[in-house]
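# Tertiary structure, described
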Amino acid sequence: MPNPVMSPVIVALDTPTMDAALALADKLDPALCRLKVGKELFTRSGPAIVQALQQRQFEVFLDLKFHDIPNTTAQAVLAAADLGVWMVNVHASAGYDAMSLAKQRLVDGNYDTLLIAVTVLTSMSSDILPQIGVTGNLNTQVSRLAKLTQQAGLDGVVCSAQEAKILKALCGTDFKLITPGIRLPEDNPDDQHRICTPKQALNDGADYLVIGRSITEADDPAAKLKKILQSIL
């Protein structure tokens with residue numbers, strides 16, 4: 001099994017193929033980061049990519065954002081836990097019943113896998129919410145879904161670092177905040193609207209930082225990771 005990691009950094013392996021993902025993983029140190037496997041990579045490569053990363057001693061966050069009826073959501077979460085992943089997620093908008101059932105089945109099965117929920121995608125901004133029928137402001141929607149997630153017994157939420165301070169105050173220090181949209185000052189924001197620097201995110205209450213292109217597209221990913229760690233530790 002992978003070794004425990006103290007680093008808050010989760011590197012997003014948003015590559016299209018298993019070969020590319022493993023080539024990148026081989027440049028990184030499993031003692032300094034965890035790795036995130038998302039929809040494209042998992043759909044193309046399946047459980048084999050998770051197993052290959054675990055053989056390299058990495059802890060894996062399986063980022064598939066399950067959103068379905070309660071039983072289907074719960075069984076998908078169990079399937080991820082059976083792979084031995086460190087963390088997996090669902091959409092909070094799947095509702096209380098889906099989230100609580102998934103968590104209960106993890107507990108019943110004695111799994112250590114962390115279960116978190118996505119509140120509002122960090123690619124979304126306030127002016128986009130009305131397109132999906134949300135009339136309240138962004139912070140209100142994020143807070144509502146985070147509280148629902150906590151009431152369902154989950155371990156935390158994915159949120160923008162810009163919402164970390166609000167959610168720590170709302171949900172307490174034990175409720176984990178996983179924040180994508182992390183960029184260094186010199187980085188391109190790309191398609192993220194709600195972004196933040198690593199140090200600011202941690203200062204505001206984030207527990208884990210999901211960092212993709214800042215590291216994966218660097219000339220030297222290992223050096224960029226160490227630069228980030230030096231700036232926050």
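Within an unreviewed UniProt entry, the label attached to the protein reads Orotidine 5'-phosphate decarboxylase, and the organism entered is Psychrobacter frigidicola. Its UniProt record gives the protein a comment under Subunit (unreviewed entry), which states: "Homodimer."

Residues Ala21, Leu22, Leu24 and Ala25 constitute the buried set of helix H1 (residues 18-25). All buried residues of H1 fall inside an arc of 160° around its axis, so they share one side.

Attention shifts here to the nonpolar core. One broad trend across soluble globular proteins is that nonpolar side chains are buried collectively. Counting residues in hydrophobic clusters, the biggest one holds 53 residues, and the most contacted among them are Val9, Leu35, Ile49, Leu53 and Leu62. Ranked by residues supplied to this core, first place goes to helix H4 (residues 70-82) with five residues. When near neighbours in sequence (up to four residues on either side) are disregarded, Ile49 contacts Met18, Ala21, Leu22, Val37, Leu41 and Phe42. Met124, Val142, Ala164 and Leu167 belong to the second-largest nonpolar core, a separate cluster that totals 14 residues.

Our focus in this paragraph is the packing of aromatic side chains. Note on aromatic pairs: each is described by the distance of the centres and the angle between the planes. Summed over all chains, the structure comprises one aromatic pair. Measuring from centroid to centroid gives 5.1 Å for Trp86 and Tyr208, while their planes differ by 80°, and the two rings are edge-to-face. Here Tyr208 lies in strand S8 (residues 208-211) and Trp86 lies in the loop between H4 and strand S4 (87-91), a separation of 122 residues in the sequence. Sitting above the plane of the Trp86 ring, Arg34 keeps its charged end 4.1 Å from the centroid.

If you walk around this closed barrel you meet the eight strands as S1-S2-S3-S4-S5-S6-S7-S8, and the pairing is parallel. The average angle at which neighbouring strand axes cross in this sheet is 25°, direction not considered. For S4 and strand S5 (residues 114-118), the ladder comprises five bridges, and the chain directions are parallel. Residue pairing for S5: Met87 is matched across the bridge by Leu114.

If you walk through the whole model with that rule in mind, you get zero disulfides. Free cysteine Cys159: the closest other cysteine sulfur is in Cys171, separated by 9.2 Å. Of the residues examined, Cys159 reaches a relative accessible area of 0% and is grouped as buried.

Quick look at the pairing of strand S3 (residues 60-66) now. Taken across its seven residues, S3 has six buried, putting it largely inside the fold. In the sheet, strand S2 (residues 34-37) pairs with S3 via three bridges, with the strands oriented parallel. Note on S3: the bridge partner recorded for Lys36 is Phe61. A crossover links S3 with its parallel partner S4, the connecting element being H4, and its sense is right-handed.

What counts and what doesn't
- Residues numbered from 1 in each chain as written.
- Predicted model: local features only at pLDDT ≥ 70, side-chain atom pairs only at ≥ 80, totals over all residues.
- Heavy atoms only, no water.
- UniProt positions renumbered as here; feature names shortened; annotations may be inferred.
- Buried < 20%, exposed > 50% of the residue type's maximum accessible area, 1.4 Å probe, protein only.
- Helix = DSSP H or I, 4+ residues; strand = E, 2+ residues; numbered from the N terminus.
- Arc of directions from axis to C-beta.
- Core = buried A, V, L, I, M, F, W, Y, C linked by side-chain atoms within 4.5 Å.
- Contact = heavy atoms within 4.5 Å.
- Phe/Tyr/Trp six-rings, centres within 6.5 Å; stacked < 30°, edge-to-face > 60°.
- Lys NZ or Arg CZ within 6 Å of the ring centre and 35° of its normal.
- Pairing = 2+ DSSP bridges.
- Axes fitted to C-alpha atoms, helices over the stretch in contact; angles between N-to-C directions.
- Disulfide = S-S within 2.5 Å.
- Right-handed = clockwise from strand over helix to strand, strands pointing away.

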